[in-house]
Amino acid sequence: MARHRNAAEREAFLEQATADFEARLARMAAQPAQWVEFIETVALWGARYSARNQLLLMMQAAQRGMQPRFFLSYGKKDGSSGWLKHGRQVRKGETAFRVWAAIRRQPSEEQAAEMQAAGRPVRRDPDGRPAVQIVGFRLESTFDISQTDGAPFTVPTVQQVRRQRLSGAGLPHLLTGDDPTGAFDDLVQLIKHEGYGFDLAPPGSPHLGAANGVTVGSPVMRVQIRDDVDAAHRVKTTVHELAHIRCGHLGNDPQAVVQHRGRCETEAESVAHIVCAALGLDTSAYSDAYVLDWAGGDIDLVKQTADTVLRVAKTILQDLAGDTDTEPADTGPAQHPAEPVPAAAA
């Protein structure tokens, strides 16, 4: 496995990664097409990464002229993880991609105090002692499937996992019926678990009006979807409304929601695009109309939106399919830290 061999190389990589991160955010803030490209890549890679790791991998892929599809670590020698677990070997001479991985351990009371002084929350066990938690980040190696040889490997997708789970024989099978994904009922249940009712309603109904879907907050707490749209559109619109709920768009301040409508719709539509792609829906009709001028060149706003979209898309996909036997959940740091980050560092 290739590693950065000295502090100078590591520092150069971090400087380059930070500069590229800021440049990509600036382009995404100024050019709607750049945001759409970002979301398309997130969908292709299955929403497995934090925004910072997603952009870090995109930078490295661009440098190498590669189009990666699926990453795993090299794997432990006993074959219990990474590519070795799947009977595949990283080819000799391949250069690893680098991603930020969380460092999880139980901090001491002194370290916990330093974390709190720096404004970082500290989780504690029922007995009051600091619990095992993320205390920092370090760069780790990962490899794309194209860098490996060995046993046949099918890139896991939510669509594939759901079909295996729903099949009595445990084998993938084609879905039939009105729902092209088999996920509509589960999506409705996720909405209900959030405390909202759900209706298929005719156009012009109270609350729904001429919209394809609507989510009404307190005290109504109801989601309505048009009952005359095709099944694929119904699934996508249902994901869109679930995304509004999980992105926190249904606040108590209606004026604030109106002021940030462009951001809210961009987040919900981006989540819907990622989730629908994972479910195998044809998303070729996805429009970038929502993203036009919504950011106004605000880089911080774009970063916050990217973080929200990836977090919400990932949790919805996890709820629909469960763990897909890949690497541990990616969290990613809020900024490119020095490697590694000590417990008390930001």
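Scoring rules and cut-offs
- Residues numbered from 1 in each chain as written.
- Predicted model: local features only at pLDDT ≥ 70, side-chain atom pairs only at ≥ 80, totals over all residues.
- Heavy atoms only, no water.
- Helix = DSSP H or I, 4+ residues; strand = E, 2+ residues; numbered from the N terminus.
- Phe/Tyr/Trp six-rings, centres within 6.5 Å; stacked < 30°, edge-to-face > 60°.
- Lys NZ or Arg CZ within 6 Å of the ring centre and 35° of its normal.
- Expected span 1.5 Å × (residues − 1).
- Buried < 20%, exposed > 50% of the residue type's maximum accessible area, 1.4 Å probe, protein only.
- Contact = heavy atoms within 4.5 Å.
- 1 Å grid on protein atoms, 1.4 Å probe; cavity = no way out; pocket = protein on both sides within 12 Å on 5 of 7 lines; lining within 4 Å.
- Points joined across faces, edges and corners; volume = space filled by probe spheres on them.
- Nonpolar A, V, L, I, M, F, W, Y, C, P; charged D, E, K, R; others polar.
- Polar contact = N/O pair within 3.5 Å; in protein donor to acceptor, adjacent residues only side chain to side chain.
- Pairing = 2+ DSSP bridges.
- pLDDT = per-residue confidence, 0-100.
- Axes fitted to C-alpha atoms, helices over the stretch in contact; angles between N-to-C directions.

Caption draft 1: Focus on the environment of T157. Here T157 lies in the loop between β5 (148-150) and α6 (158-166). Between the C-alpha atoms of T157 and G46, which are 111 residues apart in sequence, the distance is 7.1 Å.

Caption draft 2: Examining the packing of aromatic side chains more closely. Tallied over the entire structure, the rule returns nine aromatic pairs. The structure contains a cluster of three or more aromatic residues connected by ring pairs, namely W45, Y49, F71 and F97. For the cation-ring pair, R52 lies above F21, with the distance from its terminal atom to the ring centre recorded as 3.6 Å.

Caption draft 3: Structural view of helix α2 (residues 32-44). Here α2 contains 13 residues, and its C-alpha end-to-end distance of 19 Å stays within 8% of the 18 Å for a straight helix at 1.5 Å per residue. Along α2, the residues classified as buried are W35, V36, F38, I39, T41, V42 and A43. Of the surrounding secondary structure, the elements contacted by the buried residues of α2 are α1 (7-30), α3 (51-64), α10 (261-278) and α11 (299-321).

Caption draft 4: Inspection of empty space enclosed by the protein at higher detail. Evaluated as defined, the whole model comprises two cavities of 30 Å³ or more. As a volume, the largest cavity reaches approximately 60 Å³. Lining of the largest cavity is provided by R24, R27, M28, Q34, E37, F38, L55 and M58. Elements with a contribution of two residues or more to the lining of the largest cavity: α1, α2 and α3. Residue composition of the lining of the largest cavity, by class: four nonpolar, one polar and three charged.

Caption draft 5: Focus on α11. Spanning 23 residues, α11 covers 33 Å between terminal C-alpha atoms, matching the ideal 33 Å at 1.5 Å per step. For α11, the N-terminal cap is D298; the gap from its side-chain oxygen to the backbone nitrogen of D300 is 3.1 Å.

Caption draft 6: Quick look at the side chain of T148. Relative to the elements of secondary structure, T148 occurs in strand β5. Classification of T148 as buried rests on a relative accessible area of 2%. A distance of 2.8 Å separates a polar atom in the side chain of T148 from the backbone oxygen of I145. In this view, T148 contacts W83, R88, Q89, V90 and R91; residues no more than four positions away in its chain are not counted.

Caption draft 7: Local environment of the sheet that holds strand β4 (residues 133-144). Taken in spatial order, the three strands make up an open sheet running β1-β4-β3, and their pairing is antiparallel. The sheet is open, and its two borders are formed by β1 (71-72) and β3 (97-105), each paired with just one other strand. Inspection of the sheet shows β3 paired to β4 by nine bridges, in the antiparallel sense. Across the sheet, residue A102 finds its bridge partner in β4, namely F137.

Caption draft 8: Just the side chain of T237, in detail. For T237, the position within the fold is in helix α8 (residues 231-246). Note on T237: relative accessible area 7%, which makes it buried. Not counting chain neighbours up to four residues away, the residues in contact with T237 comprise N212, G213 and I225.

Caption draft 9: Broad picture of the confidence of the model for the chain. Taken as a whole, the chain shows an average pLDDT of 82; of its residues, 79% reach a score of 70 or greater. By mean pLDDT, the top-scoring element of the chain is β5 (97), and the lowest-scoring one is helix α9 (residues 254-259) (52). Across residues 169-177 the pLDDT falls below 50, and counting only partners more than four positions away or on other chains, this stretch makes 13 contacts in the model. For the stretch residues 338-346, pLDDT sits under 50, and the model shows 31 contacts to residues farther than four places along the chain or on other chains.

Caption draft 10: Inspection of the sheet that holds strand β7 (residues 213-216) at higher detail. In spatial order, the strands read β6-β8-β7; together these three strands make up an open sheet with mixed pairing. Of all the strands in the sheet, just β6 (197-201) and β7 have a single pairing partner and so form its edges. Across the sheet, the mean angle from the axis of one strand to that of its neighbour is 15°, orientation sign disregarded. Direction of pairing for β7 relative to strand β8 (residues 222-226): antiparallel, over a ladder of four bridges. Across the sheet, the residue bridging to T215 is V223, located in β8.

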